[in-house]
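# Summary of the model geometry
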Amino acid sequence: QLIDQAASWDMPVILVIISGGPLDLSKYKDHKAISAILWMGYPGQMGGAAMADVLLGDVSPTGRLPQTFYTGDFVKAASITDMRMRPGTAGGGQV
């Protein structure tokens, strides 16, 4: 609700996510009021300074995410115990 409220203020919004794992952010991926999404994981002691450097344009992050952020639709279609990581009903073997 807070993100939706901030997005309604008619100002650019940068969504900063501080979490230990992936979240379904598909709702905000193409949102016209969300200018950017910055995922920081657990940033540690210097996280605030690092975030400020990124938001103020002093550095340009080019890292890669350590995990995949699947959409909610994918998670609903694929069982957590199915290691093929593709939605579908076919069992065993390759997809």
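Residues numbered from 1 in each chain as written. Predicted model: local features only at pLDDT ≥ 70, side-chain atom pairs only at ≥ 80, totals over all residues. Heavy atoms only, no water.

## A few points about the confidence of the model for the chain
For the chain, mean pLDDT is 81; residues scoring 70 or higher make up 85% of the total. Within the chain, no element has a lower average pLDDT than helix α4 (residues 72-77), which sits at 76, and none a higher one than helix α3 (residues 47-55), at 93. (pLDDT = per-residue confidence, 0-100. Helix = DSSP H or I, 4+ residues; strand = E, 2+ residues; numbered from the N terminus.)

## Brief notes about the nonpolar core
Ranked by size, the top nonpolar core spans eight residues in total: A7, V13, L15, I17, L25, Y28, A33 and I34. Element by element, the count of residues in this core is highest for strand β1 (residues 13-17), at three residues. In this structure I34 touches I3, A7, V13, L15 and Y28, once residues within four positions along its chain are discounted. (Core = buried A, V, L, I, M, F, W, Y, C linked by side-chain atoms within 4.5 Å. Buried < 20%, exposed > 50% of the residue type's maximum accessible area, 1.4 Å probe, protein only. Contact = heavy atoms within 4.5 Å.)

## A look at the pairing of β1
With burial as the criterion, only one face of β1 is covered, namely that bearing V13, L15 and I17; the residues I14 and V16 on the opposite face remain uncovered. The sheet contact formed by β1 and strand β2 (residues 34-39) spans five bridges and is parallel. Paired with I14 across the bridge in β2 is A36. (Pairing = 2+ DSSP bridges.)

## Re a nonpolar patch on the surface
Among the surface-exposed residues, I14, L55 and L56 lie close enough to one another that they form a single nonpolar patch of about 290 Å² accessible area. Relative to the elements of secondary structure, I14 occurs in strand β1. A relative accessible area of 40% places I14 in the partly exposed class. (Patch = residues over 30% accessible without salt bridge, like charges linked within 9 Å, V, L, I, M, F, W, Y side chains within 5 Å. Areas by Shrake-Rupley, 256 points an atom, 1.4 Å probe, with all protein chains shown as cover. Salt bridge = Lys/Arg side-chain N within 4 Å of Asp/Glu carboxyl O.)

## Here we look at the side chain of S19
Inspection of the secondary structure puts S19 in the loop between β1 and α2 (26-29). Here G21 takes part through its backbone oxygen, which lies 2.8 Å from a polar atom of the side chain of S19. (Polar contact = N/O pair within 3.5 Å; in protein donor to acceptor, adjacent residues only side chain to side chain.)

## Digging into the environment of L15
Secondary-structure assignment places L15 in strand β1. Note on L15: relative accessible area 7%, which makes it buried. Considering only alpha carbons, one finds L15 and W39, 24 residues apart in sequence, at a separation of 8.3 Å. If sequence neighbours within four positions are ignored, L15 has contacts with I3, L25, Y28, I34, A36, I37 and L38.

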